[in-house]
Amino acid sequence: MKQLLYFLTILLFNFTAQAQEITVSGRVVDDTGLPVPGANVILKGTTQGTTTDFEGNYSIGVPATGVLVFSGLGFETKSVPIANKKTINVTLATSAQQLAEAIVVGTRGQARTKLETTAPVDVISISKQQINMPQLDVAQMLVASAPSFTAVRSQGGDLSTAVNPPQLRGLGPNQLLVLVNGKRRHSGAQLIGSATGSAANSVDMDFIPTDAIDRIEVLRDGASAQYGSDAIAGVINLVTKKGTNKFTANYSLGFYTNNNPDLSDSNLSESDQALLEDTDGLDGFTHQLGANYGIGFENGGYFNITGLYRQNEAAIRPNISGATPYGSSYLNNERTDAQGNIIITNPELLAAQAAGNDALAAELRTDAGLLAARGLTARDISTFAGLSASVLGTVAYNLEIPLSSTSESNFYSFGDFGYKNTDGFGCFYRRSAQTDRFSYDLYPNGFRPQMIITQTNLGLTAGVDGKLGDWDFDFSNTFGTNKQNYGQFNTFNASLGAESPTEMDLGTHSFTQNTLNFDLSRYFPEFLAGLNIAMGAEVRIENYVIERGQPESFAAGDEGVFYAAEDDQLLIGPDGFPLEDLSGNPIVDENGNPLVLSTADASSYPVLQYSPNCQCFRGFAPENEANEFRSVTGLYFDAELDVTDNWLLSGALRTEQYSDFGGVFTGKLATRYSITDDLAIRGSFSNGFRAPSLQELNYSHTFTFFVDLDPFDGTLYPNNSAVAKAIGIGQLEEERSTNVSLGITAKLFKKLDLSIDAYSISIKDRLFSTGNFSAADAPVLEPLIGSGLASFRINGGDVSTKGVEIVANYNDRLGEGMLNLNLSAIFSERTFDGANVPDLNTNLSDQELEDLYIDRAVIGSFEKGVPNTNFIATATYSFGKWSAMLRGNYIGEISRLDDGLGTLTDVNFPNVGEQGYSDQTFSAQFTTDLGITFAASKNLSFTLTGQNIFNNYPDLYRAEERGFYLYGNGQQGSLGANYLVRATLSL
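Keep in mind the model is a prediction, meaning the values are calculated, not measured.

**Considering the overall build of the chain**
Across its full length, the chain carries 14 helices and 50 strands. Reported as C-alpha extents along the three principal axes, the dimensions of the chain are approximately 105 × 60 × 60 Å. A total of 987 residues make up the chain; the buried ones form 55% of that total. Approximately 39,100 Å² of the chain is accessible, and the part contributed by carbon and sulfur atoms is 56%. Across the chain, 63 positive and 111 negative side-chain charges occur, with their mean positions spaced 13 Å apart.

This is the structure:
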């Protein structure tokens, strides 16, 4: 309570003091007389400040006495006394020290720039770059800026539509640790599919608004010994804004052109091409409003707050599966209910026959004819992929208050609260031809189920940092929770018939994490060339909850069941013939006679075995429910030693103890040696780990998957289930890694920064999911799963990845403006080194078991599911009131391996007509982004920007695989060109 009163008192005093301020304005230029846009103007001793506009102009309200500090990237810092002056013009001298951002991530010692660290760190200034970028969310901004980073946006795939999982160096989303201001960020509640072959829990960075972020630091090196679990691939640290006395707001309007490429030379039929041209024009409209404001306190504290609202309309990309919409039995009124009564499904045919119109009747017996008669097109019965409709709202803040005028200690807090609702795609269109998922009363023409995913997310950190004698300390608590509720609309439970609801609650997942940290560090300047020691402790408590959905979402009803009304009742229809099943086959015994139900009101038979559960995503049932806790305690020791002015040596040791599966110990050693002032070599060696998440340990669900458009129901069972124990699946263990890196950094011609880093990562016991086991594969499962299928989470095999990353930056004056050139690239290779197959209770051969334990599609996803080669070349140029950005993205090829043999039909690939795998390699792609900004005044600017402006689409899927997607989705996706206009206000 005292702290709150203190905060309110300071806030009131601040507003009073502001009334006595004067307004100082002026212009900042370089030593050639050209304006310096984006220069920082700070009131010395505070965080109160502003930045210059495109013409170098600034305006700031400050006390009449004091000192203004002027600085800019590539310029020397200059301090000027205010002395009651209302106009202060400044000339900044060019500095030989370029790109001197102080790095937070990867070091606990003295501030270092990204060229002085022992491991590669990318520093992406979101606050400066976003004005010309067409990307609106953090994940896609990183994709456009760092080639080692990927975030494949799902264009279907039920739960995956709500999150863009971040990945680094082609490894999993849960092998990348995300920090906010150096504090561990909680992950989302749900396991979602990833492009690298394994479902994973992932941080959803949408809930951190871009307007709240100053910069993002990407540590491309294993860091488990420094930060703990999940840091096998590296670390992303989002540093939030501390700016004060400045209000900024922006409104963005974006859309997709929805203009399909020329497919006249493809093997698509004219009708399929007509389907793709059946569009409503521009789609995927996006509206985003963001605002940021900071308040500076007299004692040097600050309060910065950001709000963001984004609304995405759907961008629809229909498929061209060519599947039969109605089928013969529907078209010819041959379907019956469980009692054998005819269901009239084609009344139009009866009307034509009654009118004696034989030509029309013949037409109505075809799928195309009935569709036309009902005013439907192929688009109306198509499965949709694309960009889901969504709404996002989030608020974030950053606060710091000195505890007293004499203390060096501060209270700080930052956090965010967000809400997101997504109307996802991810479901195949349920055709009337699918007799087990059919209801004429509810959906005479079939239906397209859609997911509703509603998320609430909270992240909150509070702490105190400062001095304890000669030691720096930081004591903090970070709380985070993510709750996701799943629903379905345009659906029903076929086993409940027409009584089924068509909108259902499927259940709720939540994940909560609370982390308590205490860190100490001390710098010894007299020890050799300087020694920094850091140590600390961490206690983390996690909770994962699955709550069931409504009963109809997972129930198996009795629609289609015939009940005996009398003893020894024959299973015959009103026509006296045996009842028929869903395939139209008569239900008879081995002698061809109708079956007999012996007891009235007790005997029954499932004549029509309608599919149970909600279509297309079964609700979470009582057997899926979970409420699991675990605690994690950790201790670390970290040291950085400047052996000489040219040689830096660092090391870290860490131990962590998990309440649910044991302890781990990791270490890291890294070094950097300056050969000259402008050339250095660096390298590191570490071992790492990733503990299975609570989601991976406890998630279970029954799902529907499709093979050649035929549905099958399977269940993913947790490893502690009776089913897993029966077949011999063991408990999950941690993934263990070995990371090695070696690189050089150089500054050439005083204007070109260059870093080249090679890395190698080996991971033991990586987590995957098995294929689907049937009772035929493992008879021991028959009493437990019946005719269903079972899969499991496993430590499936050993993997490795290696590569080379290159980053080059060049800054110089060109004409009347400033030119920045950036080239970054990654060349990598990922390898599945072998499966770790245990002895299981199956009747499969060793090779059959290995193929099912880790199937070839999973291996293909890991090795080639995301590009192994990426280039990003960016040029930005600022002069006067104008700023422009041009970016080229080379996205390397990817491949897909099929997981089942089938008849090959695509004439563009070999072995047509034979049994084989429909494997495919998708060619490398090139896309172009463009952004142009005009400053209409010192307070208002307008931006026109575009992503993939030449509307480049990836390769078509081969014909056998066009069931859901038409184009490959692991590169730039199949949404096409996107354009955006933005207005930015700064006061």
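**Things to note about the state of the cysteines**
Overall, the coordinates contain one disulfide when judged by the stated rule. The residue that forms a disulfide with Cys-427 is Cys-616, at a sulfur-sulfur distance of 2.0 Å. The sign of the -45° torsion about the S-S bond sets the Cys-427-Cys-616 disulfide as left-handed. Note that Cys-427 is positioned in the loop between strand 23 (410-424) and strand 24 (450-468) and Cys-616 in the loop between strand 31 (604-606) and strand 32 (626-642), a separation of 189 residues in sequence. What makes Cys-616 buried here is its relative accessible area of 9%. Among the cysteines around Cys-614, which has no disulfide bond, Cys-616 carries the closest sulfur, lying 7.4 Å off. Residue Cys-614 is classed as buried on the basis of its relative accessible area, which comes to 3%.

**Regarding the sheet that holds strand 7 (residues 90-92)**
Spatially, the three strands line up as an open sheet ordered 4-1-7, and their pairing is mixed. Unpaired on one side and paired on the other, strand 4 (57-62) and strand 7 mark the two borders of the sheet. Adjacent strand axes in the sheet meet at a mean angle of 35° when their direction is disregarded. Note: strand 1 (residues 22-30) against strand 4, six bridges, orientation antiparallel. Counterpart to Thr-23 in the pairing with strand 4 is Gly-61.

**What about the pattern of salt bridges?**
If you walk through the whole model with that rule in mind, you get 39 salt bridges. Here Arg-310 and Asp-206 are joined by a salt bridge, their closest N and O atoms 3.8 Å apart. A residue pair is termed long-range when its members are at least 10 positions apart, and Arg-310 in strand 19 (residues 302-312) and Asp-206 in the loop between strand 14 (200-201) and strand 15 (213-219) qualify at 104 residues. For Glu-696, the salt bridge goes to Arg-690, with nearest N and O atoms at 3.0 Å. With a relative accessible area of 2%, Glu-696 lands in the buried category. For Arg-690, a relative accessible area of 1% corresponds to the buried category. Each member of the salt-bridge network shares a partner with another, and the members are Glu-538, Arg-540, Glu-542, Arg-630, Arg-654, Glu-656 and Asp-660.

**Quick word on unusual backbone geometry**
For residues that are not glycine, phi is negative in most cases, and the peptide bond is trans in most cases. The linkage connecting Gln-615 with the following residue, Cys-616, adopts the cis geometry, with an omega of 10°. One non-glycine residue, Asp-230, lies in the positive phi region at around 85°. As for its placement among the helices and strands, Asp-230 is situated in the loop between helix 4 (224-227) and strand 16 (234-240).

**Things to note about the side chain of Thr-52**
As for its placement among the helices and strands, Thr-52 is situated in the loop between strand 3 (49-51) and strand 4. Within the structure, the side chain of Thr-52 is placed 2.7 Å from the backbone oxygen of Val-36, a separation counted as a polar contact. Once residues lying within four places of it in the same chain are set aside, the contact partners of Thr-52 are Val-28, Val-36, Pro-37, Gly-38, Ala-39, Val-41, Asn-57 and Tyr-58.

**Side note on the sheet that holds strand 5 (residues 67-72)**
Spatial ordering of the open sheet is given by 3-2-5-6, a layout of four strands whose pairing is antiparallel. Each edge of the open sheet is held by one strand with a lone partner, namely strand 3 and strand 6 (75-81). The mean inter-strand angle of the sheet, taken between neighbouring strand axes irrespective of direction, is 15°. In terms of strand pairing, strand 5 meets strand 6 through five bridges, oriented antiparallel. Residue pairing across strands places Val-67 opposite Pro-81, the latter belonging to strand 6.

**Re helix 13 (residues 846-853)**
Buried within helix 13 we find Leu-849, Leu-852 and Tyr-853. What you see down the axis of helix 13 is that its buried residues fit within an arc of 100°, all on one side. The inward-facing, buried residues of helix 13 contact strand 39 (752-769) and strand 40 (789-814).

**With respect to the nonpolar core**
Across soluble globular proteins, nonpolar side chains have a tendency to be buried as a group. Counting 56 residues, the largest nonpolar core has Leu-142, Phe-149, Met-205, Ile-216, Leu-238, Phe-773 and Phe-792 as its most contacted members. Examining the composition of this core, we find that five residues originate from one element, helix 3 (residues 138-145), more than from any other. For Phe-149, the contacting residues outside a window of four places in its chain are Ala-139, Leu-142, Val-143, Pro-166, Gln-167, Leu-168, Leu-176, Met-205 and Ile-236. Core analysis: the next-biggest nonpolar cluster, separate from the first, contains 24 residues, Val-163, Ala-189, Leu-694 and Leu-697 among them.

**Here we look at the packing of aromatic side chains**
Considering all chains together, one arrives at 25 aromatic pairs under this definition. Ring plane angle 25° and centroid distance 4.5 Å describe the contact between Tyr-443 and Phe-447, whose orientation is recorded as stacked. One aromatic cluster in this structure is built from Tyr-326, Tyr-330, Phe-438 and Tyr-440.

**Looking at a negative patch on the surface**
Negative charge collects at one region of the surface, where Asp-839, Asp-846, Glu-848, Glu-850 and Asp-851 lie side by side. Locating Asp-839 in the fold gives a position in the loop between strand 41 (817-835) and helix 13. Since its relative accessible area comes to 78%, Asp-839 is described here as exposed.

**Regarding the environment of Thr-945**
Positionally, Thr-945 belongs in strand 49 (residues 940-947). Its relative accessible area of 1% is what places Thr-945 among the buried residues. The residues touching Thr-945, leaving out its near neighbours within four places in the chain, are Asn-132, Met-133, Pro-134, Leu-930, Gly-931, Asn-978, Tyr-979 and Leu-980. Of the polar contacts made by the side chain of Thr-945, one reaches the backbone oxygen of Asn-132; its length is 3.2 Å.

**Description of a nonpolar patch on the surface**
A cluster of nonpolar side chains, namely Leu-468, Phe-475, Leu-516, Phe-518, Val-539, Ile-541 and Phe-629, defines an oily patch on the protein surface of about 620 Å² accessible area. Sorting the residues of the nonpolar patch by element identifies strand 26 (503-524) and strand 27 (531-548) as the ones contributing at least two each. By the element assignment, Phe-475 lies in strand 25 (residues 471-489).

**As for the environment of Leu-168**
Among the secondary structure elements, Leu-168 is positioned in strand 10 (residues 167-168). Look at Leu-168 and you get buried, because its relative accessible area is 0%. Each C-alpha atom of the pair Leu-168 and Ala-233 lies 6.0 Å from the other, and the pair is 65 residues apart in sequence. If sequence neighbours within four positions are ignored, Leu-168 has contacts with Ser-148, Phe-149, Leu-176, Val-218, Leu-219, Arg-220, Ala-233, Gly-234 and Val-235.

**Re the side chain of Arg-766**
Relative to the helices and strands, Arg-766 is located in strand 39. One buried charged side chain, Arg-766, makes no salt bridge at all; its nearest oppositely charged neighbour is Glu-735, positioned 5.0 Å away.

**Regarding the environment of Ala-564**
By secondary structure assignment, the location of Ala-564 is in the loop between strand 28 (561-563) and strand 29 (569-570). The exposure class assigned to Ala-564 is buried, which follows from its relative accessible area of 1%. As for Ala-564 and Ser-229, which are separated by 335 residues in sequence, their C-alpha atoms are 60 Å apart. Excluding anything up to four places from it in sequence, Ala-564 contacts Gln-569, Leu-597, Thr-599, Ala-600, Asp-601 and Ser-603.

What counts, and at which threshold
- For every chain, the first residue of the written sequence is number 1, and numbering continues from 1 along that sequence.
- Since the coordinates come from a predicted model, pLDDT governs what is reported: local features require at least 70, and pairs of side-chain atoms require 80 or more to be given and counted, while whole-chain, interface and lining totals use all residues.
- Heavy atoms from the whole structure form the basis of all side-chain values; hydrogens and water molecules are not counted.
- Put simply, DSSP marks the helices as runs of H or I at least four residues long and the strands as runs of E at least two long, and each gets a number from the N terminus on.
- The buried label applies to any residue whose accessible area, calculated with a 1.4 Å probe on protein chains only, is under 20% of its type's maximum; exposed applies above 50%, and partly exposed to all values in between.
- To measure how exposed things are, a 1.4 Å probe is used in the Shrake-Rupley method; for residues, cover is taken only from the protein chains shown.
- His is not counted, nor are the chain ends, whereas Lys and Arg count as positive and Asp and Glu as negative.
- A charge is said to be at NZ when it belongs to Lys, at CZ for Arg, at CG for Asp and at CD for Glu.
- In what follows, a disulfide is any cysteine sulfur pair within 2.5 Å.
- Strands are treated as partners if at least two bridges between them are detected by DSSP.
- For helices, the axis comes from a line fit to the C-alpha atoms of the stretch in contact; other axes are also lines fit to C-alpha atoms, and the angle between any two N-to-C directions lies between 0 and 180 degrees.
- Definition used for salt bridges: Asp or Glu carboxyl oxygen within 4 Å of a side-chain nitrogen of Lys or Arg.
- Polar contacts, as counted here, are pairs of nitrogen or oxygen atoms within 3.5 Å of one another; within protein the pair requires one atom able to donate a hydrogen and one able to accept it, and residues that are adjacent in sequence qualify only if both atoms are side-chain atoms.
- Residue contacts follow a heavy-atom distance rule, with two residues in contact if any of their heavy atoms lie within 4.5 Å.
- The arc refers to the directions leading from the helix axis to the C-beta atoms.
- Think of a nonpolar core as a cluster: buried Ala, Val, Leu, Ile, Met, Phe, Trp, Tyr and Cys residues, connected wherever their side-chain atoms sit within 4.5 Å.
- When two rings of Phe, Tyr or Trp (its six-membered ring) have centres within 6.5 Å they constitute a pair, described as stacked for plane angles under 30 degrees, edge-to-face for angles over 60, and tilted for the intermediate range.
- Like charges within 9 Å and nonpolar side chains (Val, Leu, Ile, Met, Phe, Trp, Tyr) within 5 Å are joined into patches, using only residues over 30% in relative accessible area that form no salt bridge.

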